[in-house]
Amino acid sequence: MTARHFISRPSRQVLRQAARLLGRGRLVAFPTETVYGLGADAASDRAVAAIYAAKRRPWHNPLIVHVASIAAARRLARFDSRAERLARRFWPGPLTLVLRRRPGARLSRYISAGLGTVALRIPANPVALALIRQSRCPVAAPSANSSGRVSPTRAQHVRQSLGGRVSLIIDGGACAVGLESTVIDLSGKAARLLRPGGVPLEALSNVIGPIVVEDPDTDERRPASPGRLLSHYAPSRPVRTNAQEPRVGEAYLGFGGCSQGATLNLSTRADLEEAAANLFAMLRALDRPEFTAIAVAPIPRHGLGRAINDRLRRAAAPRRP
Ligand code: AMP
Ligand code: MG
């Protein structure tokens, strides 16, 4: 791949080329409404292994598979009535369902990291949908960044964090939601929240009733949610949350009226959707050596605020060596 087509706007020709690359087991980064995904043919062991290698992702952390229709999803996993209702209401959209994998499903065994389940989603982004349709395969696509770091919400972020490790980056502009999908585990009797994200928990329980929310401080040791490592989404600078104001030397990420001394503001009108869309890009923008740390204003905990606080808590968690 020459540098010339490394980052491309999503023309019909580029989508065709991207689908061909996926078919040959290569990695293609593409925009979704949540964050940019690092896509590969989910049926190919070699392609899926390449995702883990490019991201330096731990092997015990399974991948989300992206499909273009509910019918395609049903071929890969068993849908019960809760899954049907959620899929009909929220797909395409930022909701991932963890379901029991169908025996014989056309999926690499590496997708599920040894679990009997598979995580599925239909993205609400026309470029992503067109690419999945054209590639005619389920597309595994974790966020297109090195494992543990801040997720990419612009094509430029993908280039910065994965550089030469991907064949093509499709530039679809800024991601509309800007936070990863909400992950709900429906493989057991009780529905469980594995990751708060772009669909607020309240909206989901309106459709299927109560959802078990795990204690965020113990979930790291739970085998059913292997991806929920405590330190994640981490910029290079330390992060300090719930900061009413900055300390000397810190960058300050404000929210609403909490903006005294703010270097940037997630949303001056205290809008959680706007804050979610800005979060990762602003954390990246403030991740500069002249700051000792990034202090972040308090964010309300309802609606999308649950997911924003989750990401900030992980960004601020003690780092592994
Ligand atoms: P990302 O890498 O950003 O796409 O995140 C994918 C998330 O989905 C991680 O938190 C994974 O651990 C989770 N996930 C994917 N597949 C499964 C599965 N089969 N069971 C439980 N969690 C899963
Ligand atoms: Mg990720």
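Our subject is the structure listed above.
Residues numbered from 1 in each chain as written. Chains lettered and ligands numbered in written order. Predicted model: local features only at pLDDT ≥ 70, side-chain atom pairs only at ≥ 80, totals over all residues. Heavy atoms only, no water.

S.K.: Any chance you could explain the sheet that holds strand S9 (residues 182-185) here in plain terms?
M.R.: Sheet strands associate in pairs through backbone hydrogen bonding, adopting either a parallel or an antiparallel arrangement. Strand order in this open sheet of eleven strands is S1-S8-S2-S3-S7-S4-S6-S5-S9-S10-S11, and the pairing throughout is mixed. Sheet topology places strand S1 (7-8) and strand S11 (212-213) at the edges, where each strand pairs with a single neighbour. Where strand S5 (residues 95-100) and S9 come together, four bridges link them in parallel fashion. Looking across to S9, one finds that Thr 96 is bridged to Val 183. Of the strands in this sheet, strand S3 (37-41) and strand S7 (139-140) touch helix H2 (residues 45-55), which is tilted by about 155° from S3. (Pairing = 2+ DSSP bridges. Helix = DSSP H or I, 4+ residues; strand = E, 2+ residues; numbered from the N terminus. Contact = heavy atoms within 4.5 Å. Axes fitted to C-alpha atoms, helices over the stretch in contact; angles between N-to-C directions.)

S.K.: Looking at this structure, how should I read helix H8 (residues 272-285)?
M.R.: Helical geometry note: an α-helix holds 3.6 residues per turn, so side chains three or four residues apart project in the same direction. Here H8 contains 14 residues, and its C-alpha end-to-end distance of 19 Å stays within 8% of the 20 Å for a straight helix at 1.5 Å per residue. Along H8, the helix axis deviates most sharply at Leu 279, where the bend reaches about 45°. Burial of H8 is extensive: eleven of the 14 residues sit out of reach of the surface. Here H8 has its buried residues at Leu 272, Ala 275, Ala 276, Ala 277, Asn 278, Leu 279, Phe 280, Ala 281, Met 282, Leu 283 and Arg 284. At its buried positions, H8 is contacted by helix H6 (155-162), strand S13 (251-254), strand S14 (264-265), strand S15 (294-296) and helix H9 (305-316). (Expected span 1.5 Å × (residues − 1). Bend = angle between axes of the 7 residues up to and from the residue. Buried < 20%, exposed > 50% of the residue type's maximum accessible area, 1.4 Å probe, protein only.)

S.K.: Can you walk me through a positive patch on the surface in this structure?
M.R.: A surface patch of positive charge is lined by Arg 12, Arg 16, Arg 20, Arg 24 and Arg 26. By the element assignment, Arg 16 lies in helix H1 (residues 12-23). Take Arg 16: its relative accessible area is 44%, and that puts it in the partly exposed class. (Patch = residues over 30% accessible without salt bridge, like charges linked within 9 Å, V, L, I, M, F, W, Y side chains within 5 Å. Areas by Shrake-Rupley, 256 points an atom, 1.4 Å probe, with all protein chains shown as cover. Salt bridge = Lys/Arg side-chain N within 4 Å of Asp/Glu carboxyl O. Lys, Arg positive; Asp, Glu negative; His and termini not counted. Charge placed at Lys NZ, Arg CZ, Asp CG, Glu CD.)

S.K.: Could you clarify how one ought to interpret the packing of helix H4 (residues 81-90) against helix H7 (residues 201-208) in this entry?
M.R.: The relative placement of two packed helices comes down to the angle between their axes together with the axis-to-axis distance. Interhelical geometry of H4 versus H7 gives an angle of 130° and a closest axis separation of 10 Å. Considered as vectors, H4 and H7 are oriented oblique to each other. Remark: the crossing between H4 and H7 carries right-handed chirality. On H7, the residues touching Arg 82, Arg 85, Leu 86, Arg 89 and Phe 90 of H4 are Ala 203, Leu 204, Val 207 and Ile 208. Among the residues forming the contact of H4 with H7, the class breakdown is six nonpolar, no polar and three charged. (Parallel < 35°, antiparallel > 145°, perpendicular 65-115°, else oblique. Left-handed = near helix turned anticlockwise from the far one by under 90°. Nonpolar A, V, L, I, M, F, W, Y, C, P; charged D, E, K, R; others polar.)

S.K.: For this particular structure, what's the right way to read empty space enclosed by the protein?
M.R.: The method is simple in principle: a probe with the dimensions of a water molecule rolls over the atoms, and the space it marks as empty is what remains. Across all of its chains, the model carries one cavity of 30 Å³ or more by this definition. Each pocket or cavity is described by its volume, and for the largest cavity that value is around 40 Å³. What lines the largest cavity is Thr 182, Leu 193, Pro 196, Gly 197, Val 199, Pro 200, Leu 201, Gly 303, Leu 304, Arg 306 and Ala 307. (1 Å grid on protein atoms, 1.4 Å probe; cavity = no way out; pocket = protein on both sides within 12 Å on 5 of 7 lines; lining within 4 Å. Points joined across faces, edges and corners; volume = space filled by probe spheres on them.)

S.K.: Sorry, what's going on with the packing of aromatic side chains here?
M.R.: In this description, a pair of aromatic rings is defined by centroid distance and the angle of the planes. Counting across every chain of the model gives four aromatic pairs. Residues Tyr 52 and Trp 59 carry aromatic rings whose centres are separated by 4.5 Å and whose planes lie at 10° to one another, so their mutual orientation is stacked. Of the residues examined, Tyr 52 reaches a relative accessible area of 2% and is grouped as buried. Seen in terms of ring centroids, Phe 79 and Trp 91 are 6.2 Å apart; in terms of plane orientation they differ by 75°. Their pairing is edge-to-face. With Phe 79 in the loop between helix H3 (70-76) and H4 and Trp 91 in the loop between H4 and S5, this residue pair connects regions lying twelve residues apart in the sequence. Trp 91 carries the same exposure label as Phe 79, and that label is buried. By the ring-pair criterion, three or more aromatic residues cluster together here, those being Tyr 52, Trp 59 and Tyr 110. Lying across the ring of Phe 90, Arg 89 places its NZ or CZ 4.7 Å from the centre. (Phe/Tyr/Trp six-rings, centres within 6.5 Å; stacked < 30°, edge-to-face > 60°. Lys NZ or Arg CZ within 6 Å of the ring centre and 35° of its normal.)

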